[in-house]
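Each chain, written out:
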Amino acid sequence: MAVSDLIVLAISDGHGSPKNFRSAIGSQYAVEVACRMVRDYFLVERADLARLTEIAERALPQQIVAQWTRRVRNHWQANPVDRDSSWEKLQPSTRTEILNAPEIAYGATLLMAIVTDRFIVYLQLGDGDILCVYPDQPQQPQRPLPIDPRLIANETTSLCMPEAWKEFRVQLQPHTSALPSLILVATDGYANSYSSEAEFLKIGTDYLDMLQDSVEGLMAQLPNFLQETSQQGSGDDITLGLIQRLETDSLSELGTPMLEQQKRTGNVQEFAESQKRATLRSTIAFLGLMVLSIVTLPLIGWLLFRTAALEAQHQEQAKRIEGLQEQLAKLTEVKDQPTTYKEAPVKGTGKPQ
Amino acid sequence: MVARRPGGELSTRPLHFFWICDCSGSMSVDGKIQALNNAIRQAIPLMREAAADNPNAQVLVRAIRFSDGAHWQIAEPTSVDRFEWTDLVADGITDMGQALSMVAAQLRVPPMSDRALPPVLVLISDGQPTDDFNAGLRTLMDEQWGKRAVRISIAVGRDADHDVLRKFIGNPELKPLMANNPEALVNRIKWVSTAVLKSASSPASQVQTAQKTELSMRVPETVVDTADDIW
């Protein structure tokens, strides 16, 4: 059975170490590559959940890392480092390390939530947080992925590490299990701004309440929220993405993603980089939401149209076959025999499985 | 209506700074212990300035001395704004291993928080350890925060055990800082109190490696000290 449509939320955080001096580019490539790979696999692949799980846990991380590495190495070749002032400040041993593995200069994390009409995939490499808020326990958001105990003291795993695909944490949850009301994906600067894990997890129910009040209201205030959090907390850049499940018809259950970037280092697919003034950031975030809606709604419309067209075609074929059967019966003057034909599965029915 | 910011209480990130000081009898010779006391006291305003440059890091200072056994000179993590130095007195042997074990106990979770910045450990010694240094170092490095701490050592005088001090650092790119006179000791202490503190205060993530946390600044390989070597 194929996935008919999906929503992808991808966030990548470049590293701040001097040797990762091109991590802004690395994080941009990370979200671009990741979103493309997700679409290539999950929209094309017609497979059962076991096969999709295998793809999510192995093939997808492998291809994300491989394609990302290819892109950053191409960028390295096309952009000689001797034109980069950051290169001069590095120690000789670090330069040697990077010359042997240029992807180090582009190091970045990657966090994703992929929502389809059949399952949700959570995928993470490096620090940051993915939280799920469930309707029956809004006060206790859950982490769909296990915490990596190595990621303390500002240390993180990264796309630039050898065999980085093995460091991914992945979870595929079919829709047979409970669906979250809200998915939050954030870079590590967010959690590091709170005095404890418990204080950080309070964002789950707070954001859910605000979204249920007014999406536009939240988007307008989000830049200020994140700026205040960073200033009084970690001082680090914060990127936050939200996917809300809307309680309407089945297609809308896929929800609407919202994203906000407090500063410039995170990279988010389909959103422009945030600007310095809070009002402009709000405008871009709102326009981004509109862009996503504009992209998503025609896709849904196209799928519905395609479904209707295929159904009409199917009915016409069925009538034609019926007509041919009648002719055959008359020509051969034999008793009617049951005719069986395989009904091809129709793509893009838009109906939840 | 302006909504309340989501989430609970906000907090800056703690950065634990440890002075680990040799108070063995040899430190009483040629004014070394007085020079150390003066150097740390002079460094306090500089530490405050460095901490003020990154208000999102809460610098908390402690000090431990070792001679016959090891004892906390300042046991409570003290905000750098309120940190005052109490003079050390030198007498006894050099139980460095025990000092490292006691520091290791403070780097466990709890009392350490998993959202803290990498701690800074500064070991200052003029001689050779008289207890099981390797056991103490192993205890320290068995702790996740010990392994990820920024570890700096200062060799006071020519008799300091550089092998031990290098093992403590655990990074082949960093060598023990040398101080063979009071001026040099002041300079090394000032560098640790400023450049190292600023580097460790940064919230920037870095790729996990087998080695300890990297320092994002150059170590002073050559420092012009005008005074003659006396230690």
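The structure displayed is predicted, hence computed values, not measured ones.

**Observations concerning the sheet that holds strand β5 (residues 150-156) of chain B**
Residues and elements named next belong to chain B.
Turning to step 1, where the next piece is worked out: An order of β3-β2-β1-β4-β5-β6 is seen for the six strands of this open sheet, with the pairing classed as mixed. Each having just a single partner strand, β3 (69-79) and β6 (177-179) make up the two edges of the open sheet. Ignoring which end each strand starts from, the neighbouring axes of this sheet average 15 degrees apart.
Turning to step 2, where the next piece is worked out: The pairing of β5 with β6 spans three bridges and is classified as parallel. Each bridged residue has a counterpart across the sheet, and for Ala155 the counterpart in β6 is Met178.

**Concerning the interface of chain B and chain A**
Turning to step 1, where the next piece is worked out: Taken together, the contacts link 36 residues of chain B with 47 residues of chain A.
Turning to step 2, where the next piece is worked out: The contact between chain B and chain A buries some 3,500 Å² in all, and 49% of this surface belongs to carbon and sulfur atoms.
Turning to step 3, where the next piece is worked out: The three residues of chain B that bury the most area against chain A are Pro6, Ser205 and Gln208 of chain B, which together make up 18% of that side's buried surface.
Turning to step 4, where the next piece is worked out: There are three salt bridges connecting chain B and chain A.
Turning to step 5, where the next piece is worked out: Here Glu228 of chain A and Arg5 of chain B are joined by a salt bridge, their closest N and O atoms 3.2 Å apart.
Turning to step 6, where the next piece is worked out: For the pair chain B and chain A, the number of links is 18 residue pairs in polar contact (both at pLDDT 80 or more).
Turning to step 7, where the next piece is worked out: Considering only residue class, the side of chain B that touches chain A consists of 13 nonpolar, 13 polar and ten charged.
Turning to step 8, where the next piece is worked out: Across two bridges, the pairing between strand β5 (residues 155-156) of chain A and strand β7 (residues 206-207) of chain B is parallel. Looking across to β7 of chain B, one finds that Thr156 of chain A is bridged to Val207 of chain B.

**Examining unusual backbone geometry**
Turning to step 1, where the next piece is worked out: Here the residue pair Val109 of chain B and Pro110 of chain B is connected by a cis peptide bond, since its omega of -15 degrees sits within 30 degrees of zero.
Turning to step 2, where the next piece is worked out: With respect to the element layout, Pro110 of chain B can be found in the loop between α2 (96-106) and β4 (120-125).
Turning to step 3, where the next piece is worked out: Following Pro110 of chain B, the chain continues into Pro111 of chain B via a peptide bond in cis, with omega recorded as 15 degrees.
Turning to step 4, where the next piece is worked out: For Pro111 of chain B, the position within the fold is in the loop between α2 and β4.
Turning to step 5, where the next piece is worked out: Although it is not a glycine, Asn154 of chain A sits at a positive phi angle of roughly 65 degrees.
Turning to step 6, where the next piece is worked out: Among the structural elements, Asn154 of chain A can be located in the loop between β4 (129-133) and β5.
Turning to step 7, where the next piece is worked out: Residues other than glycine seldom take positive phi values, yet Glu163 of chain A does so here, at roughly 50 degrees.
Turning to step 8, where the next piece is worked out: Considering the arrangement of structural elements, one finds Glu163 of chain A in the loop between β5 and β6 (169-174).

**Topic: the packing of aromatic side chains**
Residue and element names in this part refer to chain A.
Turning to step 1, where the next piece is worked out: For the structure shown, the criterion picks out ten aromatic pairs over all chains.
Turning to step 2, where the next piece is worked out: Between Tyr194 and Phe200 the ring centres are 5.8 Å apart and the planes differ by 50 degrees, which places this aromatic pair in the tilted class. Grouping residues by exposure puts Tyr194 and Phe200 together as buried.
Turning to step 3, where the next piece is worked out: One aromatic cluster is present, built from ring pairs that chain together Phe21, Trp76, Trp87 and Tyr106.
Turning to step 4, where the next piece is worked out: Here the guanidinium or amino end of Arg71 rests over the ring plane of Tyr29, the centre of that ring lying 3.9 Å away.

**Description of α2 of chain B**
Residues and elements named next belong to chain B.
Turning to step 1, where the next piece is worked out: Here α2 has its buried residues at Met96, Gly97, Ala99, Leu100, Val103 and Ala104. An end-on view of α2 places all buried positions within 160 degrees of arc, on one side of the element.
Turning to step 2, where the next piece is worked out: Looking at the buried residues of α2, the elements they touch are β1 (13-22), β2 (57-67), β3, β4, α3 (133-141) and α5 (162-169).

**Some words on the nonpolar core**
Turning to step 1, where the next piece is worked out: Ranked by internal contacts, the top residues of the largest apolar core, which has 49 residues, are Phe42, Leu60, Ile64, Met112 and Phe168 of chain A.
Turning to step 2, where the next piece is worked out: Counting residues per element, the ones that place at least two in this core are β1 (6-13), α1 (23-42), α2 (49-78), β2 (110-116), β3 (119-125) and β6 of chain A.
Turning to step 3, where the next piece is worked out: Not counting residues up to four positions away in its chain, the partners in contact with Ile64 of chain A are Val33, Ala34, Met37, Leu110, Met112, Leu159 and Phe168 of chain A.
Turning to step 4, where the next piece is worked out: Core analysis: the second largest hydrophobic core is formed by 46 residues, Ile33, Ile44, Trp191 and Val192 of chain B among them.

**Here's the deal with the environment of Thr187 of chain A**
Residue and element names in this part refer to chain A.
Turning to step 1, where the next piece is worked out: Mapping Thr187 onto the fold places it in the loop between β7 (182-186) and α5 (188-191).
Turning to step 2, where the next piece is worked out: On the basis of relative accessibility, which here comes to 1%, the residue Thr187 falls in the buried class.
Turning to step 3, where the next piece is worked out: The spatial distance from the C-alpha of Thr187 to the C-alpha of Asp127 is 7.0 Å, given a sequence separation of 60 residues.
Turning to step 4, where the next piece is worked out: Each residue touching Thr187, except ones within four places of it in the same chain, is listed here: Ile11, Asp13, Gly128, Asp237, Ile238 and Thr239.

**With respect to the confidence of the model for chain B**
All names here are of chain B.
Turning to step 1, where the next piece is worked out: The pLDDT averaged across chain B works out to 90; a share of 91% of its residues lies at or above 70.
Turning to step 2, where the next piece is worked out: At the level of individual helices and strands, chain B shows its lowest average pLDDT in β7, which scores 79, and its highest in α2, which scores 98.
Turning to step 3, where the next piece is worked out: In the predicted assembly, ipTM is 0.87 and pTM is 0.78.

**Details of the pattern of salt bridges**
Turning to step 1, where the next piece is worked out: Summed over the entire model, instances satisfying the criterion amount to 20 salt bridges over all chains.
Turning to step 2, where the next piece is worked out: Taking the shortest distance from any N to any O, the salt bridge between Glu84 of chain B and Arg48 of chain B comes out at 3.7 Å. With a gap of 36 residues between them, Glu84 of chain B in the loop between β3 and α2 and Arg48 of chain B in helix α1 (residues 32-53) connect regions that are remote in the sequence.
Turning to step 3, where the next piece is worked out: By relative accessible area, which is 55% here, Glu84 of chain B ends up exposed.
Turning to step 4, where the next piece is worked out: Taken together, the shared-partner salt bridges in this structure form one network comprising Asp129, Arg143 and Glu197 of chain A.

Thresholds applied
- Residues numbered from 1 in each chain as written.
- Chains lettered and ligands numbered in written order.
- Predicted model: local features only at pLDDT ≥ 70, side-chain atom pairs only at ≥ 80, totals over all residues.
- Heavy atoms only, no water.
- Pairing = 2+ DSSP bridges.
- Helix = DSSP H or I, 4+ residues; strand = E, 2+ residues; numbered from the N terminus.
- Axes fitted to C-alpha atoms, helices over the stretch in contact; angles between N-to-C directions.
- Contact = heavy atoms within 4.5 Å.
- Buried area = accessible area lost by both parts, 1.4 Å probe.
- Salt bridge = Lys/Arg side-chain N within 4 Å of Asp/Glu carboxyl O.
- Polar contact = N/O pair within 3.5 Å; in protein donor to acceptor, adjacent residues only side chain to side chain.
- Nonpolar A, V, L, I, M, F, W, Y, C, P; charged D, E, K, R; others polar.
- Phe/Tyr/Trp six-rings, centres within 6.5 Å; stacked < 30°, edge-to-face > 60°.
- Buried < 20%, exposed > 50% of the residue type's maximum accessible area, 1.4 Å probe, protein only.
- Lys NZ or Arg CZ within 6 Å of the ring centre and 35° of its normal.
- Arc of directions from axis to C-beta.
- Core = buried A, V, L, I, M, F, W, Y, C linked by side-chain atoms within 4.5 Å.
- pLDDT = per-residue confidence, 0-100.

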